[in-house]
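Close look at the chain arrangement
Chain residues, written in single-letter form:
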Amino acid sequence: MLLSDFRRRLNRWSRVLDPRGGIITLTLDLSRSGPLPPETRQFFKHRVLKALREGNRPLRTLAARIEEYVTDQVRPESEGLFLVAGSNLWETIELPVPLQNFFWIGSAPYLAPLLELEERAPRSIVLVADRSRVRIMESYLGFLEPLAEVALQGEERNPQRSVNLKTSPLRASGGRITRRSDASNEKRTRHADERVAVVFREAGRKLLQISKEIKPATILLFGDRASVPGLFQHVPKVLSTGLEYLGPSPETERDLKSSVAKALERRIKKRRIQEVRRVLELRSQGHLVSLGTSSVLGRLGEGTGLRFYLAPYEPVPGVVCENCGARFADQRSSCGFCRGKVYPVSLTQEVVAAKLARPETGVTFVTSPAKWLDDLGGLVAIRKPLKVG
């Protein structure tokens, strides 16, 4: 899936609103066995379909369509499903990586699972190299697409270098029959190395060009250890610092995808641990951290939040005023400022929508059980330092 297409869909969905609360968001884990693994089947039947069939008429109508799609139309190779549905709304994304089983009915599509996936499986470059060719691929959201390939070209046959067994004199040496001296063998090896260097040099040139176009989060390299040093010599220095060698090339494309996914998940897990450690340190120092959902909403409304912390599959409920747009971290029946009518929302989705509107807004997805986040209402923010003068 192209980055531009995915981002376009996210931005479009972030503007969808139905104050009546009739928009369904469904994500499914399809990764364990068959088109619908046992755990997912139970979740889908007893949680999703049961809730929709007990709802109003529009929800009951959507229940039938969703059931037909999930059971009969999802491709068997898909490992994750994202679906949003509502009045005049039906969108699906089938993914090669799993999502958690999750179900939400609200006034807007709940996009945190997709944004978390994009952070977990970001746009990256994958190199697979040996002495005969270098493949350059793009990894994004678990999809692996070829971008370029540089291969060793076959040499034209040189009749002057061919050996005619009928006319060529053979010399005996140490009881062995030889045709070429050690010098000629060295020359042949040197010539082969020069041809491989041409391949690596062209691969480095293409890599730099592609990197400028797609701006990858990282570059992952697979290849035999004999070839990697030669390729490293021709990778531009501006890229070599962000390149990670992951060992020999996997035997199958499926194994390659799995190795890429695991490497990217290790990177983001390490970064999230560092970001959580930072907010906990700031909290212990008693400054720059907004604690409690209401305080976080203030930072969100003022645009003074530097980084927000949330659990992507645990929406924090709240309401928004239809008249003035004020957000509240409770289930009140009217706006506390203008007394206008309010409608229910996910405050987590409000943070995600702000992230999509202002990409510089930092968001850390807390995917491991975190009592500290639960105790603080499910949302925490680091606020921007006050400017002096």
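What follows covers the overall build of the chain. Helix and strand counts for the chain stand at 11 helices and 18 strands. The 389 residues of the chain split such that 44% are buried. Taking all contacts inside the chain whose residues are at least 6 apart in sequence as the whole, residues at least 24 apart take part in 67%. Here the chain displays about 21,700 Å² of accessible surface, and carbon together with sulfur accounts for 49% of that area.

The next subject is the sheet that holds strand E4 (residues 102–106). Across a sheet, paired strands are connected by hydrogen bonds in the backbone, their directions being either parallel or antiparallel. The four strands lie next to each other as E3-E2-E1-E4, forming an open sheet whose pairing is antiparallel. Edge positions in the sheet fall to strand E3 (89–95) and E4, since each has one partner strand and no second. Between one strand axis and the next, the sheet turns by 5° as a mean value, whatever way the strands run. Relative to strand E2 (residues 80–86), strand E1 (residues 23–29) runs antiparallel, the two sharing six bridges. From the neighbouring strand, Asp29 faces E2, where its bridge partner is Gly80.

Moving on, we come to the pairing of E1. The buried count for E1 comes to seven of seven residues, which makes it a mostly enclosed element. Taking every second residue as pointing to the same face, both faces of E1 are buried, with Ile23, Thr25, Thr27 and Asp29 on one and Ile24, Leu26 and Leu28 on the other.

All right, on to the confidence of the model for the chain then. Chain-level statistics for the chain give a pLDDT mean of 89 and a share of 88% at 70 or above. In the model, residues 156–173 has pLDDT below 50 throughout and makes 13 contacts with residues more than four positions away in sequence or in other chains.

Cut-offs and rules
- Residues numbered from 1 in each chain as written.
- Predicted model: local features only at pLDDT ≥ 70, side-chain atom pairs only at ≥ 80, totals over all residues.
- Heavy atoms only, no water.
- Helix = DSSP H or I, 4+ residues; strand = E, 2+ residues; numbered from the N terminus.
- Buried < 20%, exposed > 50% of the residue type's maximum accessible area, 1.4 Å probe, protein only.
- Contact = heavy atoms within 4.5 Å.
- Areas by Shrake-Rupley, 256 points an atom, 1.4 Å probe, with all protein chains shown as cover.
- Pairing = 2+ DSSP bridges.
- Axes fitted to C-alpha atoms, helices over the stretch in contact; angles between N-to-C directions.
- pLDDT = per-residue confidence, 0-100.

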